[in-house]
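# Working through the structure, step by step
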Number of protein chains: 2
Amino acid sequence: MSVLRTGASATASRYPSLPGTGSDLKPDWLDTILVGDCVAALERLPKHSVDVVFADPPYNLQLGGDLHRPDQSRVDACDDAWDQFASFEAYDAFTRAWLLAIKRVLKPTGTLWVIGSYHNIFRVGAKMQDLGFWLLNDVVWLKSNPMPNFRGKRFTNAHETMIWATPSKDTKGYTFNYEALKAFNDDLQMRSDWHLPLCTGGERLKDDNGDKVHPTQKPEALLYRVLLSSTNPGDVVLDPFFGTGTTGAVAKKLGRHFVGVERERSYIEAATKRIAAIEPAEGMVLETVKGKRAQKRIPFGSLLEAGLLKPGAELTCSRGKHRAIVRADGSLASGDFTGSIHKVGALVQGAEACNGWTYWHFTRGSLLEPIDTLREEIRSSMPR
Amino acid sequence: MSVLRTGASATASRYPSLPGTGSDLKPDWLDTILVGDCVAALERLPKHSVDVVFADPPYNLQLGGDLHRPDQSRVDACDDAWDQFASFEAYDAFTRAWLLAIKRVLKPTGTLWVIGSYHNIFRVGAKMQDLGFWLLNDVVWLKSNPMPNFRGKRFTNAHETMIWATPSKDTKGYTFNYEALKAFNDDLQMRSDWHLPLCTGGERLKDDNGDKVHPTQKPEALLYRVLLSSTNPGDVVLDPFFGTGTTGAVAKKLGRHFVGVERERSYIEAATKRIAAIEPAEGMVLETVKGKRAQKRIPFGSLLEAGLLKPGAELTCSRGKHRAIVRADGSLASGDFTGSIHKVGALVQGAEACNGWTYWHFTRGSLLEPIDTLREEIRSSMPR
DNA sequence: TGTCTATGTGAATCCTCGC
DNA sequence: CGCGAGGATTCACATAGAC
């Protein structure tokens, strides 16, 4: 088995520290394509060594004879040998094997993406659940320009389905760049339906005869959204069915590391050339929008230490109905209720919970302002 | 087990001839709701007696504790006992049992629709394939007004999936009203993505307290498309998880026969009343159920995905006074300000709000153009 | 009657850290 | 590991009430 190095893809200052290495040396498999069968090849990777997996397994299309368009031209279908399986059982065994291999190399906080169509995605999804993966979302890629149904016997098959999952139900702390995706989407939450065109035109890899190199090349826009949402710069992205390397290309563009596995020499050659030509983005351009969660926690007591509030100051809710006194230890007192800004806020409202930062207000001049603005003042005065 | 007759629903001149009856007499189960467990109740139906099945089985949601909106209001979750299963194995056994019951009563030329979410649809789809059903399409119902993801930890779950299948790979001659659907869809082939709102407002059944009668009532527009596409007038439509009878209501409206199976008395009562009130309109106006013409929203991030802007590109206001850098996640950075095109536009101006599409400009040749022109380029490259 | 505002709600597998 | 506390988080509609 050989390894083709295709050029570094990350801008991070050091390589990810991998279990068992204790070293900052770049592993020989990073930013390369492993040649061979995916299960066997993945044995070369250490346990828990990749952050995210994007898998585009064979769809097991089970096509009958040739399909022709109304003008009698033949549809160039995906009839490659790698897409043929003898039975559902054979496909299930194949699926189980590569999912288990993925589970070993995926970090406990990592996530797995799988894309498929109705031919295979139900079997893959069920097997993922059987193996303990915990589904976070299914995301549908809606094709703006799908191939029509030429025979008029079914609906135009205009979408494919992606499953996004953690390796276990108990997984906490997986990467989801919520705020970045929201900014991307004009300040609205990103939904589970993604409207994107097919991979065509200049992006579609062609051989010397002008034929497409790979029958199911995915658009880079799709991977762009996948990696933007679930990885950070410097992360390691594994694609066990690398094909012509869309995952690697986008990973390099976005300053992520990649590792691919592929059997077909022709695909590897095309992918290698493609990725080598890519200029990665660098530096601040790769920084994403972060929300409050990513910022350093500032306890309420800091406002007293900074002199922004004084012991004895009065806080009220936005309508002045509830009032509380700030005590020297950073707790509040309101009638018989005492405790943190959150606890007292909840108690005076009779609510289960309360965010005291936005509930309690102080008086500046003649205006009521939430104490959260004082926290912001401390944050902005801190070294970045 | 009792049978509630709820009124005739068909405009066909005679009743469907059913195997073993040799008679035109209306069977006693037609246009009724069978009370009881679906597998047991279906034994009352003759073999090969229904044309189409629409099944909305329990999703097995596996919810944890309570969920609250940011305003602290509690989400009224679907936590009914009928949605609880002890394990995936138990759910699979349940699925297998009702699918087999369906296969017996379904005509060889009939089709089966199943709706579900990522919690269950993969298991159901795999089991369908295991039992020999042949998948024709998966169709995604895209919700125009889904519930948001309140904690910002996943993508907004904005769709559900339907699977449409024949009972066998060899099935020929199933009903698909291709031309009708195409006319319905402004002379375009009907696609596998259907944009429809949730069932709310006056259509949503409420009890005397104003509470919803059923936690998961489906919109009639969804069933309208299902029945319009895969049944003919006079056909028999079976819904083995009848609930409050959306399938029966739409079947009656469209001059199809129905038969439902339901365990819960309260649902049956509501469904009976609902269906009895329906006037089966002949030549009903189809326009009423057409989905709203989807005006596609193009998020700013799409300009990056499409390669029309590159990470690191500089944008300016029309007079060049304010400048910002495009980051890989579709956010802008201008000095200390970061965020969406709208937010940063507002911040640099000190304004409350800003339309980033018209405020920010890019350089083409020596000309400044608003980024809105790039959005138009994407729009015009999309079909219609 | 009309317009604006406040409130309610939908199939939801919805937190993270420190002790 | 469990437990408790801090404190972060929402979009499209429909309906009712205010003015």
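Residues numbered from 1 in each chain as written. Chains lettered and ligands numbered in written order. Predicted model: local features only at pLDDT ≥ 70, side-chain atom pairs only at ≥ 80, totals over all residues. Heavy atoms only, no water.

## As for a negative patch on the surface
Residue and element names in this part refer to chain A. A cluster of acidic residues, Asp76, Asp207, Asp208 and Asp211, forms a negative patch on the protein surface. Position of Asp207 relative to the elements: it lies in the loop between strand E7 (193–196) and helix H5 (220–230). Take Asp207: its relative accessible area is 32%, and that puts it in the partly exposed class. (Patch = residues over 30% accessible without salt bridge, like charges linked within 9 Å, V, L, I, M, F, W, Y side chains within 5 Å. Areas by Shrake-Rupley, 256 points an atom, 1.4 Å probe, with all protein chains shown as cover. Salt bridge = Lys/Arg side-chain N within 4 Å of Asp/Glu carboxyl O. Lys, Arg positive; Asp, Glu negative; His and termini not counted. Charge placed at Lys NZ, Arg CZ, Asp CG, Glu CD. Helix = DSSP H or I, 4+ residues; strand = E, 2+ residues; numbered from the N terminus. Buried < 20%, exposed > 50% of the residue type's maximum accessible area, 1.4 Å probe, protein only.)

## Some remarks on the packing of helix H2 (residues 88–105) of chain A against helix H3 (residues 121–130) of chain A
Residues and elements named next belong to chain A. Viewed as axis vectors pointing N to C, H2 and H3 meet at an angle of 50°, and their least axial separation amounts to 10 Å. Taken together, H2 and H3 sit at an angle that is classed as oblique. As for how H2 packs across H3, the hand of that crossing is right-handed. Across the interface between the two elements, Phe88, Tyr91, Asp92, Thr95, Arg96, Trp98 and Leu99 from H2 touch Arg123, Val124, Lys127 and Met128 from H3. The residue makeup of the contact of H2 with H3, split by class, is six nonpolar, one polar and four charged. (Axes fitted to C-alpha atoms, helices over the stretch in contact; angles between N-to-C directions. Parallel < 35°, antiparallel > 145°, perpendicular 65-115°, else oblique. Left-handed = near helix turned anticlockwise from the far one by under 90°. Contact = heavy atoms within 4.5 Å. Nonpolar A, V, L, I, M, F, W, Y, C, P; charged D, E, K, R; others polar.)

## A few points about the protein's contact with DNA strand C
Residue and element names in this part refer to chain B. Taken together, the neighbourhood of DNA strand C is formed by 39 residues, with Arg69, Tyr118, Arg151, Lys153 and Lys212 sitting nearest. Each atom of DNA strand C within 4 Å of the protein belongs either to a base or to sugar and phosphate, the latter forming 46%. A distance of 3.4 Å separates a sugar or linking oxygen of DNA strand C from a polar side-chain atom of Asn157. Separating a phosphate oxygen of DNA strand C from a backbone N or O atom of Pro215 is a distance of 3.3 Å. (Near = heavy atom within 4 Å. Polar contact = N/O pair within 3.5 Å; in protein donor to acceptor, adjacent residues only side chain to side chain.)

## Side note on the pairing of strand E4 (residues 106–116) of chain B
The side chains of a regular strand alternate between both faces of the sheet. Residue and element names in this part refer to chain B. The element E4 is largely enclosed, with a buried count of eight among its eleven residues. Pairing of strand E3 (residues 50–55) with E4 involves five bridges; the strand directions are parallel. Residue pairing in the sheet places Val50 in a bridge with Leu106 of E4. Between E3 and its parallel partner E4, the chain crosses via helix H2 (residues 88–105), and the hand of that crossover is right-handed. (Pairing = 2+ DSSP bridges. Right-handed = clockwise from strand over helix to strand, strands pointing away.)

## Observations regarding the interface of chain A and chain B
Every contact between the two is made by 73 residues of chain A and, on the other side, 78 residues of chain B. Considering only the surface of chain A that becomes buried against chain B, A:Phe122, A:Phe155 and A:Asp186 emerge as the three largest contributors, covering 14% of it. Scanning the region where chain A abuts chain B turns up five salt bridges. In this structure, A:Arg225 and B:Glu305 form a salt bridge, with 2.6 Å as the shortest nitrogen-oxygen distance. Linking chain A with chain B are 40 residue pairs in polar contact (both at pLDDT 80 or more). With nine residues, strand E5 (residues 134–143) of chain A is the single largest residue contributor to the side of chain A that touches chain B. Looking at side-chain class alone, the side of chain A that touches chain B contains 40 nonpolar, 18 polar and 15 charged residues. (Buried area = accessible area lost by both parts, 1.4 Å probe.)

## Structural notes on the protein's contact with DNA strand D
Among the 31 residues in the neighbourhood of DNA strand D, the closest are listed as A:Tyr178, A:Lys182, A:Arg297, A:His342 and A:Arg375. Considering the 4 Å shell around the protein, atoms of DNA strand D inside it are sugar or phosphate in 62% of instances.

## What to know about the environment of B:Ser318
Residue and element names in this part refer to chain B. Inspection of the secondary structure assignment puts Ser318 in the loop between strand E10 (314–316) and strand E11 (323–326). The class of Ser318 is partly exposed, set by a relative accessible area of 47%. Counting along the chain gives 40 residues from Ser318 to Thr358, while the straight-line C-alpha distance between them is 8.9 Å.

## Some words on the UniProt feature "domain: RAMA" (unreviewed entry) in chain A
Feature annotation in UniProt assigns "domain: RAMA" (unreviewed entry) to the following positions: residues 289–381 of chain A. For residues 289–381 of chain A, the end-to-end C-alpha separation is 19 Å, with 30% helix and 23% strand making up the annotated structure. (UniProt positions renumbered as here; feature names shortened; annotations may be inferred.)

## Notes on the nonpolar core
By size, the foremost hydrophobic cluster in this structure holds 68 residues, and its most contacted members are A:Leu112, A:Met128, B:Leu112 and B:Met128. Those residues in contact with A:Leu112 that sit more than four places away from it in its chain are A:Val53, A:Ala55, A:Leu99, A:Ile102, A:Leu106, A:Met128, A:Phe133, A:Ile163, A:Trp164 and A:Ala165. (Core = buried A, V, L, I, M, F, W, Y, C linked by side-chain atoms within 4.5 Å.)

## What to know about the packing of aromatic side chains
Using the criterion set out here, one finds 33 aromatic pairs over all chains in the structure. Plain terms: the ring middles of A:Trp98 and A:Phe241 are 5.2 Å apart, the flat faces sit at 85° to each other, and that makes the pair edge-to-face. Of this pair, A:Trp98 sits in helix H2 while A:Phe241 sits in the loop between strand E8 (236–239) and helix H6 (246–253), and the two are 143 residues apart along the sequence. Residues A:Trp98 and A:Phe241 agree in their burial class; the two are buried. Here B:Tyr91 and B:Phe94 contribute two aromatic rings whose centre-to-centre distance is 5.9 Å and whose plane-to-plane angle is 45°, an arrangement assigned as tilted. One end of the pair, B:Tyr91, and the other, B:Phe94, are both in helix H2, three residues apart, so they sit about a helical turn from each other. (Phe/Tyr/Trp six-rings, centres within 6.5 Å; stacked < 30°, edge-to-face > 60°.)

## Quick word on the pattern of salt bridges
A full pass over the atoms with the stated rule returns 37 salt bridges over all chains. Across the pair B:Asp31 and B:Lys26 runs a salt bridge, and its minimum N-O distance is 2.6 Å. The buried category is assigned to B:Asp31, whose relative accessible area is 0%. Where salt bridges share partners, they join A:Asp92, A:Arg123 and B:Asp130 into one cluster.

## Comments concerning the packing of H5(A) against H6(A)
Each packed pair of helices is defined by two parameters, the angle between the axes and the distance between the axes. All names here are of chain A. Running from N to C, H5 and H6 cross one another at 55°; their axes reach a closest spacing of 9 Å. With respect to each other, H5 and H6 are oriented oblique. Here H5 and H6 pass one another in a crossing that is right-handed. The segment H5 lies against H6, with Glu220, Leu223, Tyr224 and Leu227 engaging Thr246, Thr247, Ala249, Val250, Ala251 and Lys253. Residues belonging to the contact of H5 with H6 are distributed by class as follows: six nonpolar, two polar and two charged.

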